[in-house]
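# Coordinates in review
Residue strings, one per chain:
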Amino acid sequence: MTASSTPSPTPRRRRTFGVYIGRFEPPHAAHLAVMLEALQSVQKLIVVIGSARAARNIKNPFTAEERQDLISRMLQDAGIPKPRVLFVHVRDYHYNEALWLSEVQAGVTAHTRGSSDVALIGHIKDESSYYLRSFPAWEFIPTHVVSDLSATDVRRAYFEGHPDTVQGMVPPAVHAFLTTFQTTPDYRDLRDEYEYLARYRAAWKDAPHPPIFVTTDAVITRSGHVLLVRRGGLPGRGRLAMPGGFLEQKETLLDCCVREVQEETGLGIGLDLKAALRAQAVFDYPDRSLRGRTITHAFHFDLGIGQLPRLSGGSDASEALWMPLSDILASPELFFEDHHAIIEHFVMRG
């Protein structure tokens, strides 16, 4: 797979700033080609790195800091001096598009310092490129790089053990990093997760219709703390999460939630948890779970003020704990899937 570039039919005025948005998980040869083309049209390129401050998983295996370093190194290898490339790190906000747009704009503005001479660089490939229409104040400059390269394909080859294929997809600096990363415990954990999810999906491949899973999750607050569990199994082993689980055939959503809380934390035995219910919401972002289409119904229970009840980890949780809300809000990278965003939804409501 290669990346090629066709010349622009109409020369453009050179912009002061260009903005290139992506996840770069990992950066590959087509990303490099787009950046090099963009730097012919702009004085400085602002690279917006998405999915920042998220826990490692097989879709987002590398931190924003690691990806920034890789992009810097591959551009330096191509002869681009450091001052010409700037970076912005942006979290995912699947349930609040306006917040994501605001964070991108704020990060770019911090570099442009009020300049309106900004262009957005990109290629409208499919619906995943919707964001290219979301910044009307910036001129859109379509890239002329044509490539069938995909970071998804790079990750697949990487986790399935095809180093020669990976080497043909990524710049040398990225390949060197990926080779070294394979020796780390983080890679081994990710490889385990990749294989687990492959088996999980294979178990459902012959279903007459793509399965849709239904789960419940509990956001339980008490004296400025939130009840959490640490996942004991795959996927997301070791990550923090809300207590919750899959709906059984003959129970209501609320009963499922209460049952899962009792099984995973020991809380609720002798306590009328339902009486503490304050709010509920459905979270159905299509790609929220790597296991497949999973819709969760989350319930917020407020236990008021007082001593924190004692807990005991159980079921598939290796630990149950109370965590101060301030620590939770400051640490999205510790959480499984979109659990941090769900907690934020309830506790930030006021």
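These numbers come from a predicted model, not from an experiment. (Residues numbered from 1 in each chain as written. Predicted model: local features only at pLDDT ≥ 70, side-chain atom pairs only at ≥ 80, totals over all residues. Heavy atoms only, no water.)

### Quick notes on the pairing of strand β2 (residues 15-22)
Taken residue by residue, a regular strand's side chains alternate between the two faces of the sheet. This is how the line gets drawn: Categorising residues by exposure relies on relative accessible area from a 1.4 Å probe, with only protein chains included: less than 20% of the type maximum marks a residue as buried, more than 50% marks it as exposed, and the intermediate range marks it as partly exposed. Helix and strand labels come from DSSP, where a helix needs a run of H or I of at least four residues and a strand needs a run of E of at least two; each type is numbered from the N terminus. The criterion for strand pairing is that DSSP finds at least two bridges linking the strands in question.
When you tally the buried positions in β2, you get 7 out of 8 residues, the bulk of the element. Pairing between β2 and strand β3 (residues 42-49): 7 bridges, direction parallel. Along β3, the bridge assignment pairs Y20 with V47.

### Topic: empty space enclosed by the protein
This is how it is decided: A cavity here means a set of 1 Å grid points, computed over protein atoms only, where a 1.4 Å probe fits but cannot escape. A pocket is an open set with protein on both sides within 12 Å along at least 5 of 7 lines, and lining residues have an atom within 4 Å of a point. Grid points are joined across faces, edges and corners, and a volume is the space filled by probe spheres set on the points. When residues are grouped by polarity, Ala, Val, Leu, Ile, Met, Phe, Trp, Tyr, Cys and Pro land in nonpolar, Asp, Glu, Lys and Arg in charged, and all others, Gly among them, in polar.
Enumeration according to the criterion identifies 1 cavity of 30 Å³ or more in this entry. Here the largest cavity is characterised by a volume of approximately 60 Å³. A157, Y158, G161, H162, P163, V166, H175, L178, T179 and Q182 are the residues that line the largest cavity. When residues of the lining of the largest cavity are traced back to their parent elements, those giving at least two are α4 (151-159), α5 (163-167) and α6 (172-181). The greatest single-element share of the lining of the largest cavity, amounting to 3 residues, is contributed by α6. Of the residues in the lining of the largest cavity, the class split is 5 nonpolar, 5 polar and no charged.

### A few points about the packing of helix α2 (residues 64-77) against α6
Applicable threshold: Think of each axis as a best-fit line through the C-alpha atoms, taken over the contacting stretch in the case of a helix, with angles from 0 to 180 degrees between the N-to-C directions. Roughly parallel means an angle under 35 degrees; roughly antiparallel means over 145; roughly perpendicular covers 65 to 115; every other angle is labelled oblique. Contacts: residue pairs with any heavy atoms within 4.5 Å of one another.
Their axes nearest at 8 Å, the elements α2 and α6 cross at an angle of 140 degrees. Accordingly, the angle class assigned to the pair α2 and α6 is oblique. Here E66, L70, R73, M74 and D77 of α2 lie close against α6, whose contacting residues are A173, V174, F177 and F181. Class assignment for the residues of the contact of α2 with α6 results in 6 nonpolar, no polar and 3 charged.

### Section: the packing of aromatic side chains
Condition: Whether two aromatic rings pair depends on their centres lying within 6.5 Å, for rings of Phe, Tyr and Trp, where Trp uses its six-membered ring; planes under 30 degrees apart make the pair stacked, over 60 edge-to-face, and the rest tilted.
What the rule picks out here adds up to 18 aromatic pairs. A ring pair is formed by F159 and Y187, whose centres lie 5.9 Å apart and whose planes are at 20 degrees; its orientation type is stacked. Linking F159 in helix α4 with Y187 in helix α7 (residues 185-202), this pair joins segments that are 28 residues apart in sequence. Like Y187, F159 is buried. Among the aromatic side chains, those forming a connected cluster through ring pairs are F62, Y158, F159, F177, F181, Y187 and Y194.

### Some details on the sheet that holds strand β4 (residues 85-89)
Spatially, 5 strands are ordered β4-β3-β2-β5-β6 in an open sheet, and the strand pairing comes out parallel. Looking at the sheet topology across the chains shown, the edges are occupied by β4 and β6 (139-142). Averaged over all neighbouring strand pairs, the angle between strand axes comes to 30 degrees, with direction disregarded. Relative to strand β5 (residues 118-122), β2 runs parallel, the two being bridged by 4 bridges. Directly across from V19, in β5, lies its bridge partner L120. Where helix α1 (residues 29-38) meets the sheet, its contacts fall on β2, β3 and β5, and the angle it forms with β3 comes to roughly 145 degrees. Seen against the sheet, helix α3 (residues 97-112) touches β2, β3, β4 and β5 and runs at an angle of roughly 150 degrees to β4.

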